[in-house]
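So you can see what is in the structure, the chains are spelled out below.
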Amino acid sequence: MRSSFPRIVAVAGLLVLVVLSSLAWAGPREISSGGAKIGENQSTEGFAASALTVDSGGGTVVATIPVGGNPAGVAYDSGNGYVYVTNPFSDIVSVINGTTVVATVPVEYNPSGVAYDSGNGYVYVANDTTYVSVINGTTVVATVPVGGEPNALAYDSENGYVYVTNSDSQTVSVISGTVVVATVPVGDGPSGVAYDSGNGYVYVSNYFSSNVSVIDGTTNTVVATVPVGYLPRGVAYDSENMYVYVADYGSNNVSVIDGTTVVATVPVGTLPGALAYDGGNGFVYVANFGSYYYSSSNVSVISGTVVVATVPVGNCPDGVAYDSGNGYLYVSNYCSGTVSVISAVEQPSFDFSLSSPSPGSISFVRGDTSPSSSITATLTTGSAVPVTITASDLPDGVTAYFTNNPCSPTCTVSVSFTATESVPTGTVTVSINVTGGGRSHSVSLQLTVTAAFGFFLSTPSPSSLIVVQGGTSPSSSITATLVDGAATSTDVTFTASPLPTGITAIFTNNPCSPTCTVTVGFSATPSPIMDNVTTSISIVAAGGGSYYSVAISLMVRAPSDFSMSAGAVSPVQISAGSQGTSTIMATALSGFTGTVGLSVSASSPSGLTCTLPSSVSFGSSPQAATLSCGATAAGDYAVTVTGTSGSLTHTTSSILFHVVAASSPPPSFLGLPAPEGYALLAGISIAVVAIGVVLTLRRVRPKGGSPPRPS
């Protein structure tokens, strides 16, 4: 078994406990049908109110739809017009459009209650796993943790909250979007919930407490507790008389609450569970689960506080919801695995339904003819009668054209449009109207009129590039900006011309749909060498019947390089043990910059010793370095100097150093060369002899000396 809650079935005066799904709590989910507050008067699209009257029997079953295992909760989504039915034994939600299941949505374990939030367009499904699945269309987009065994849900349009009863936790979880924002303690076994748009209260039936908790939606607190019948389940709000209806599952009646007071008790069928208000006729429909073993199940129809009709449906009806789009009541038959569709109005002798246009939106350029869209009119009642198709709400200058018009349903027509050159661009909603046999239905089509395709190009950034032979240039960006028309299906292609020989253009994001940006760069073959040659290249973008061009400047350079040379050796003749020098020149070519490492080779023959700076760096060119070499033995020595920068290497021609033997010094005297030394010696000798003679003569002269000279 898949439930912790029983259904109580009266058989032969005995209460028999039948363990079924927590779907026993699915009924109240239908109270929030269509995203409108339950009980709001809603138009019954597709029915001419003046020509139809309410069926005196409360309605008839017009279709039976097979769904999943043990269908339970039912809710109407007014946003997409779908009816959602939970199938607990299949763990799926069946999605019904009209009388056809159009999708199946897998959800969590044992889904029961379901409700529609018109504020965000989501459908909320209570699963017997402490989770609520959130469905957008036919896709589960979130899972919200709540209390124990969630079962019933209702949407409060005033504050935008979804209220979830947690039967095992004796609480109500309050969800905003996909987040629980509050938890409200209530009675024992909460099983149904509904929103009263008249007073803003949320009503929660407590199954085991046999009462109803009244929650103030602005504060999320219980403001009153209303005693009702035995084992209350489903809850619904009738906005016409502003009553809240509670199905008393164990009492076989419906309690009618005005504010916080029970004002009436209405006897209905066996084991009433779910309720829904039909805003089209003002009736409240009560699903009487009945006997599990016999096909005695039905729906009671209440007007105010009086049962006015009983409608037989499938076995064990467990959920009910009103579809304001087509005026039908949908009843889930738990034991039959089906959904009964009740029409509460007299059926016309002829009627048809319309499919949604395919495609539902058309875009075309003014001055042209649009693609076509197909619409099928399907016969639903009576014999075929021709119908005529027209279009309304067309902008001035737009004309609709139909094929197969008129036609007899079931039939398919197609519609296309033309627009003059003066029609304003933009999107409009066009109504496709189909009329015949006293019936009239409409569908909407989105029509977008665009201008002819046009764009402009930005100036390349940067507007000039340099490419080196054998390399690739940097890239330049160009933006194609849409100015007219739609770019979704129009690409523009970029080309470059004229290109010098050996030059190739390289684009990225080409082609692209404006508004878009491409980049362009250029590659060059290694030869021929083209140094500082500049070319103006046109970048052309073409597409959609339009083309534009911009210019970019490309300079082609030879590869950056350098050369090495050596100056004459000085002195030409180098004595052994002395040094000779040569100036080494490194010269930049094609804008070469950076550092060149220098090295000197071993001499040939060996024996020459050299010194040289390790590198030169370019700012200006050329750069000079001094090579200084010497040897101790005479001979002719040859070396070369190599410059290296990255992968570039260049070597000077051979540099010759001529080394000669050192000569013997001439004889010297007293540190002077021999001639000068010997001359000095002779002079000194003569001077010594002269001095000696003088001294000798003074000694031999008579003592008296010569007679004195006369004065």
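See the structure printed just above.
Below or above, wherever it landed, is the structure these notes cover. Source: prediction; values computed, not measured.

1. Regarding the overall build of the chain
In step 1: Looking only at helices and strands, the chain features one helix and 59 strands.
In step 2: Going through the 711 residues of the chain one by one, you find that 47% of them count as buried.

2. Looking at the sheet that holds strand β24 (residues 272–277)
In step 1: Overall, antiparallel pairing links the four strands, which are arranged β24-β25-β26-β27 in an open sheet. Strand pairing shows two members of the sheet lacking a second neighbour, β24 and β27 (306–312), which therefore form its edges. Taken pair by pair, the neighbouring strands of this sheet meet at an average axis angle of 25°, ignoring direction.
In step 2: Pairing analysis gives six bridges linking strand β26 (residues 298–303) to β27, with the strands arranged antiparallel. Directly across from S300, in β27, lies its bridge partner T310.

3. Considerations on the side chain of D117
In step 1: For D117, the location among the structural elements is in strand β8 (residues 111–117).
In step 2: D117 gets classed as buried once you look at its relative accessible area, which sits at 2%.
In step 3: A distance of 2.7 Å separates a polar atom in the side chain of D117 from the backbone nitrogen of G119.
In step 4: Those residues in contact with D117, other than ones at most four positions away along the chain, are Y122, Y124, Y155, G160 and V162.

4. Regarding the pairing of strand β30 (residues 338–343)
In step 1: Judged by how many residues are buried, β30 sits mostly within the fold: six of six residues are covered.
In step 2: Of the two faces of β30, the one holding T338, S340 and I342 and the one holding V339, V341 and S343 are both buried throughout.
In step 3: Pairing of strand β3 (residues 60–66) with β30, which is carried by six bridges, proceeds in the antiparallel orientation. Considered in β30, the bridge of A63 is made with V341.
In step 4: In this sheet, β30 lies alongside strand β29 (residues 328–333) in antiparallel orientation, the contact comprising six bridges. Counted as the bridge partner of N333 is T338 from β30.
In step 5: Count of turn residues in the β29/β30 antiparallel hairpin: four residues, of which G337 carries a positive phi of about 70°.

5. Focus: the environment of G438
In step 1: Turning to its location among the elements, G438 is positioned in the loop between β37 (426–436) and β38 (439–450).
In step 2: We classify G438 as exposed; its relative accessible area is 61%.
In step 3: Linking G438 and D351, residues 87 residues apart in sequence, is a C-alpha distance of 8.3 Å.

6. What to know about the packing of aromatic side chains
In step 1: All told, the structure shown has 11 aromatic pairs when counted by the stated rule.
In step 2: Between Y207 and F208 the ring centres are 5.0 Å apart and the planes differ by 85°, which places this aromatic pair in the edge-to-face class.
In step 3: Among the residues examined, Y207 registers a relative accessible area of 1% and is labelled buried.
In step 4: Classification of F208 as partly exposed rests on a relative accessible area of 42%.
In step 5: Taking 5.5 Å as the distance between ring centres and 90° as the angle between the ring planes, the aromatic pair formed by F592 and F618 counts as edge-to-face. Within this pair, whereas F592 is found in the loop between β49 (579–589) and β50 (594–600), its partner F618 is found in strand β52 (residues 615–618), the two being separated by 26 residues in sequence. Residues F592 and F618 agree in their burial class; the two are buried.
In step 6: Put simply, the rings of Y207, F208 and Y249 touch in pairs and so form one group of aromatic residues.

7. Topic: the state of the cysteines
In step 1: Enumeration over the complete set of coordinates arrives at four disulfides.
In step 2: A sulfur-sulfur separation of 2.0 Å characterises the disulfide bridge that pairs C512 with C516. Here C512 and C516 share a disulfide; its torsion about the S-S bond, 55°, makes the bridge right-handed.
In step 3: For C516, a relative accessible area of 8% gives the class buried.
In step 4: Here C610 pairs with C629 through a disulfide, and the sulfurs are 2.0 Å apart. Handedness here is read from the sign of the S-S torsion; for C610 and C629, about 115°, the answer is right-handed. Of the two residues, C610 is situated in strand β51 (residues 609–611) and C629 in strand β53 (residues 623–630); the sequence distance between them amounts to 19 residues.
In step 5: Assessed through its relative accessible area of 0%, C629 is described here as buried.
In step 6: Regarding the disulfides, the chain carries the connectivity 1-2, 3-4, 5-6, 7-8 under sequence-order numbering of its bonded cysteines.

8. Section: the sheet that holds strand β13 (residues 161–166)
In step 1: Overall, antiparallel pairing links the four strands, which are arranged β12-β13-β14-β15 in an open sheet. The open sheet terminates on both sides in strands that have one partner only, identified here as β12 (150–156) and β15 (179–185). Neighbouring strand axes in the sheet, compared pairwise and without regard to direction, differ in orientation by 25° on average.
In step 2: Sheet analysis places β12 next to β13, joined by six bridges and oriented antiparallel. Counterpart to L153 in the pairing with β13 is V164.

9. Side note on empty space enclosed by the protein
In step 1: According to the stated counting rule, one finds two cavities of 30 Å³ or more in the structure shown.
In step 2: Considering only enclosed or pocket space, the second largest cavity measures out at about 30 Å³ in volume.
In step 3: Every residue lining the second largest cavity is listed: L354, I375, T376, A377, I389, C407, C411, V413 and V434.
In step 4: Looking at the lining of the second largest cavity, its residues break down into eight nonpolar, one polar and no charged.

10. A word on the pattern of salt bridges
In step 1: Throughout the structure, instances matching the rule amount to one salt bridge.
In step 2: We note a salt bridge from R233 to D318, for which the minimum N-O separation is 3.4 Å. In this pair, R233 sits in strand β20 (residues 232–238) while D318 sits in strand β28 (residues 317–323), placing the two residues 85 residues apart along the sequence.
In step 3: The class of R233 is buried, set by a relative accessible area of 1%.

11. With respect to a nonpolar patch on the surface
In step 1: A cluster of nonpolar side chains, contributed by L680, I684 and V688, occupies part of the molecular surface with about 260 Å² of accessible area.
In step 2: By the element assignment, V688 lies in helix α1 (residues 674–700).
In step 3: On the accessibility criterion, V688 (54% relative accessible area) is exposed.

12. Notes on the side chain of N288
In step 1: Within the fold, N288 resides in strand β25 (residues 284–288).
In step 2: Engagement of the side chain of N288 in a polar contact is seen with the side chain of N298, the distance being 2.9 Å.
In step 3: There is a polar contact of 2.8 Å between the side chain of N288 and the side chain of S300.

So, how was this worked out
- Residues numbered from 1 in each chain as written.
- Predicted model: local features only at pLDDT ≥ 70, side-chain atom pairs only at ≥ 80, totals over all residues.
- Heavy atoms only, no water.
- Helix = DSSP H or I, 4+ residues; strand = E, 2+ residues; numbered from the N terminus.
- Buried < 20%, exposed > 50% of the residue type's maximum accessible area, 1.4 Å probe, protein only.
- Pairing = 2+ DSSP bridges.
- Axes fitted to C-alpha atoms, helices over the stretch in contact; angles between N-to-C directions.
- Polar contact = N/O pair within 3.5 Å; in protein donor to acceptor, adjacent residues only side chain to side chain.
- Contact = heavy atoms within 4.5 Å.
- Phe/Tyr/Trp six-rings, centres within 6.5 Å; stacked < 30°, edge-to-face > 60°.
- Disulfide = S-S within 2.5 Å.
- 1 Å grid on protein atoms, 1.4 Å probe; cavity = no way out; pocket = protein on both sides within 12 Å on 5 of 7 lines; lining within 4 Å.
- Points joined across faces, edges and corners; volume = space filled by probe spheres on them.
- Nonpolar A, V, L, I, M, F, W, Y, C, P; charged D, E, K, R; others polar.
- Salt bridge = Lys/Arg side-chain N within 4 Å of Asp/Glu carboxyl O.
- Patch = residues over 30% accessible without salt bridge, like charges linked within 9 Å, V, L, I, M, F, W, Y side chains within 5 Å.
- Areas by Shrake-Rupley, 256 points an atom, 1.4 Å probe, with all protein chains shown as cover.

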